Amino acid sequence: MIASECVPFAKTGGLADVVGALPAALKALGHDVLVVLPKYGAIDPDQHGLRRFFRQMGVWMGDAEEWCAVDTARTKGDVPVYFIESDKYFARAGLYYDEDRNDYADNPRRFGFLTRAGLQLCRDIRFVPDVVHVHDWQTALAPAYLKIWHWNDSVLGRAASLLTIHNIGYQGVYPPDDYDYLGLQWGNFTAEKFEDHGKLNFLKGGIVYADLVNTVSPTYADETRTPEYAHGMAPYLNNKGKDYIGILNGVDYSAWDPAADPLIPAQYSRHDLRGKAICKQALQERLGLDIRPETPIVGIVSRFAEQKGLDILADCIADIVTDMKVQFAVLGSGDRCLERLFERLPARYPGRIGCHIGYSNELAHWIEAGADFFLMPSRYEPCGLNQIYSLKYATLPIVRNTGGLADTVVQYDERTGSGTGFKFEALSPDAIYYAVGWAVSTWYDRPRHIAKMRQKAMAQNFSWEQSARAYVGAYEQAIENKQRL
Ligand code: ADP
Ligand code: GLC
């Protein structure tokens with residue numbers, strides 16, 4: 001597996017959670033997995049027990065050999081991880097962009113290099129993979145490299161490729177200046193393969209060359225076959241036919257279970273929810289909210305990106321806290337405008353809106369545990385992990401009915417009290433307002449339904465084992481496709 005993020009080493013979003021958990025789940029099913037990552041400047045070698053593995057490894061880029069070092073460590077489930085060390089590419093603070101949120105100009109080179117280095121490592125240690133599994137645009141060139149360069153190779157010649165799309169909104173589209181360096185051959189710079197309106201599109205090349213492509217929920221797989229959701233990729237995904245599938249992410253319950261979560265103020269479970277009240281009070285204190293056990297808290301933990309729909313929430317959050325007895329607990333960072341907007345809200349609505357701009361895993365756990373509802377008004381959501389964590393924490397999700405949100409949350413039925421959350425369709429301030437209003441009125445008027453939904457939510461099981469089995473099926477399908485070539 002070659003990837004640009006992996007918990008606990010480097011994370012900006014759910015991709016890291018997936019790459020951090022899936023290999024161990026595969027190993028538990030009897031498979032032999034290794035993971036290749038960049039050695040980012042932000043990774044502390046001592047904290048993670050990195051050891052030098054290769055002092056020098058040569059990687060062919062364009063028509064010159066470039067050199068890197070390789071470190072290794074063991075991660076969850078004793079899976080070996082290899083870190084590609086290249087100071088010129090990875091010894092900097094950010095993963096993808098600088099302090100001003102500008103993408104690093106050499107991203108195509110950085111991740112093209114990572115990808116080729118990952119394949120080279122297999123050769124140098126004679127690890128003969130059945131499948132090379134890559135994630136998102138950053139490593140999407142691997143399927144092409146296997147077919148262009150390694151088809152006859154004693155180590156990689158048999159390897160089938162699986163590309164997982166975690167987010168089609170990021171495709172890695174660049175002027176073709178680095179095309180030679182990346183070694184993709186100009187004959188492939190066509191509209192059917194890498195070329196996209198005169199630019200080089202990493203993800204598109206990955207889709208075309210991979211033996212199998214998947215995304216991280218069945219509904220998002222369906223949605224991305226349509227122009228509305230595909231960001232231009234619908235024709236290529238539709239061309240894959242049955243070789244484009246949806247596999248729902250699992251979640252790592254060893255990190256996200258209130259019964260054993262060491263980061264939250266008090267543990268609790270389905271059988272005894274008293275700890276949740278303690279977590280709620282602690283959260284209210286920490287974020288400067290009024291200490292009111294009877295007032296429901298709506299939690300948000302999110303990257304501030306267009307995808308997440310928080311700009312739409314910004315248009316109705318004032319009305320919500322003015323009209324309803326409800327509080328908000330917000331944690332997020334990203335888009336500067338949204339950061340400024342949300343940062344100002346606590347002063348304007350003291351005691352009712354609490355907000356922390358930044359990245360804090362601990363506070364993310366506190367919000368999951370202390371809030372009563374969890375809001376995700378996403379424009380699109382390939383899978384989404386927080387709503388699944390929320391279920392386990394009895395924090396009922398309020399979500400837009402899209403992608404993985406649609407697949408993981410069961411709509412509340414007001415007559416029977418069944419369901420695990422509140423889903424809405426439209427992407428508008430009104431729709432968010434009414435969905436939150438529906439949850440809040442259920443809280444006050446039908447507390448027995450809330451209790452019933454909490455029980456149902458906490459009993460849901462989205463463990464990795466199930467998803468890992470689906471990935472094994474995908475690997476088998478990819479291998480068959482490769483053999484048919
Ligand atoms: P995405 O990958 O699109 O950001 P997911 O819901 O799949 O969405 O995963 C987001 C992950 O990142 C979750 O584990 C969530 O807790 C975490 N996360 C997002 N923003 C923050 C933040 N500001 N602080 C801490 N964790 C965050
Ligand atoms: C992406 C998606 C998110 C998904 C995550 C892990 O970042 O935005 O929905 O859960 O990847 O697959």
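Cut-offs and rules
- Residues numbered from 1 in each chain as written.
- Chains lettered and ligands numbered in written order.
- Predicted model: local features only at pLDDT ≥ 70, side-chain atom pairs only at ≥ 80, totals over all residues.
- Heavy atoms only, no water.
- Domains from an automatic or database assignment.
- Contact = heavy atoms within 4.5 Å.
- Buried area = accessible area lost by both parts, 1.4 Å probe.
- Salt bridge = Lys/Arg side-chain N within 4 Å of Asp/Glu carboxyl O.
- Polar contact = N/O pair within 3.5 Å; in protein donor to acceptor, adjacent residues only side chain to side chain.
- Helix = DSSP H or I, 4+ residues; strand = E, 2+ residues; numbered from the N terminus.
- Near = heavy atom within 4 Å.
- Areas by Shrake-Rupley, 256 points an atom, 1.4 Å probe, with all protein chains shown as cover.
- Nonpolar A, V, L, I, M, F, W, Y, C, P; charged D, E, K, R; others polar.
- Pairing = 2+ DSSP bridges.
- Axes fitted to C-alpha atoms, helices over the stretch in contact; angles between N-to-C directions.
- Buried < 20%, exposed > 50% of the residue type's maximum accessible area, 1.4 Å probe, protein only.

Examining the domain arrangement of the protein chain
The domain boundaries assigned to the protein chain delineate domain 1 (14–250 + 465–484) and domain 2 (274–461). If you average the C-alpha positions of domain 1 and of domain 2, the two centres end up 33 Å apart. Tallying the contact residues gives 20 residues for domain 1 and 22 residues for domain 2. Across the domain 1/domain 2 interface, buried area totals approximately 1,400 Å², and carbon plus sulfur atoms make up 48% of it. Summed over the shared surface of domain 1 and domain 2, the number is one salt bridge. Taking the shortest distance from any N to any O, the salt bridge between R101 and E339 comes out at 2.9 Å. Where domain 1 touches domain 2, the interface holds 12 residue pairs in polar contact (both at pLDDT 80 or more). Secondary structure elements with two or more residues in the side of domain 1 that touches domain 2: helix 1 (14–28) and helix 7 (218–223).

Examining the site of ligand 2
Within the structure, ligand 2 sits among 14 residues, and H166, N249, Q307, E381 and G384 are positioned closest to it. Between P382 and ligand 2, the recorded distance is 3.5 Å, taken from a backbone N or O atom to an oxygen atom. Measuring from an oxygen atom of ligand 2, one finds a backbone N or O atom of C383 at 3.0 Å. Surface burial for ligand 2 is 94%, taken as the share of its 310 Å² of free accessible area covered by protein chains. Per-element tally for the shell around ligand 2: the top contributor is helix 1, with three residues. Grouping the constituent residues of the shell around ligand 2 by class yields six nonpolar, six polar and two charged.

Details of the sheet that holds strand 6 (residues 160–165)
With parallel pairing, the four strands of this open sheet are ordered in space as 5-6-10-11. Two strands bound the open sheet, and with one partner strand each, they are strand 5 (131–135) and strand 11 (244–246). Each adjacent strand pair in this sheet contributes to an overall mean axis angle of 25°, direction not counted. One ladder, built from five bridges, connects strand 5 with strand 6; its direction is parallel. The partner of H133 across the bridge, within strand 6, is L162. Those strands touched by helix 4 (residues 142–149) are strand 5 and strand 6, and its axis lies near 145° from that of strand 5.

A short note on the pattern of salt bridges
What the rule picks out here adds up to 25 salt bridges. With a shortest N-O distance of 2.7 Å, D272 and R274 are connected by a salt bridge. D272 sits in the partly exposed class, given a relative accessible area of 31%. We note a salt bridge from D372 to R454, for which the minimum N-O separation is 3.0 Å. On the criterion of sequence distance, the pair formed by D372 in the loop between helix 14 (361–370) and strand 15 (373–376) and R454 in helix 18 (residues 447–459) is long-range, its members being 82 residues apart. The pair formed by D372 and R454 is uniform in burial state, with each residue classed as buried. Within the structure, one salt-bridge network assembled from shared partners comprises K39, R52, D71 and E85.

So, the sheet that holds strand 4 (residues 79–85)
Taken together, four strands build an open sheet; the order of strands is 1-4-3-2 and the sheet is mixed. With one partner strand each, in any of the chains shown, strand 1 (35–38) and strand 2 (51–61) form the two edges of the open sheet. For this sheet, the mean inter-axis angle between neighbouring strands, taken without regard to orientation, is 35°. Of the strand pairs in this sheet, strand 3 (residues 64–75) and strand 4 are connected by seven bridges, and their pairing is antiparallel. Bridge assignment links R74 to a residue of strand 4, and that residue is P80.

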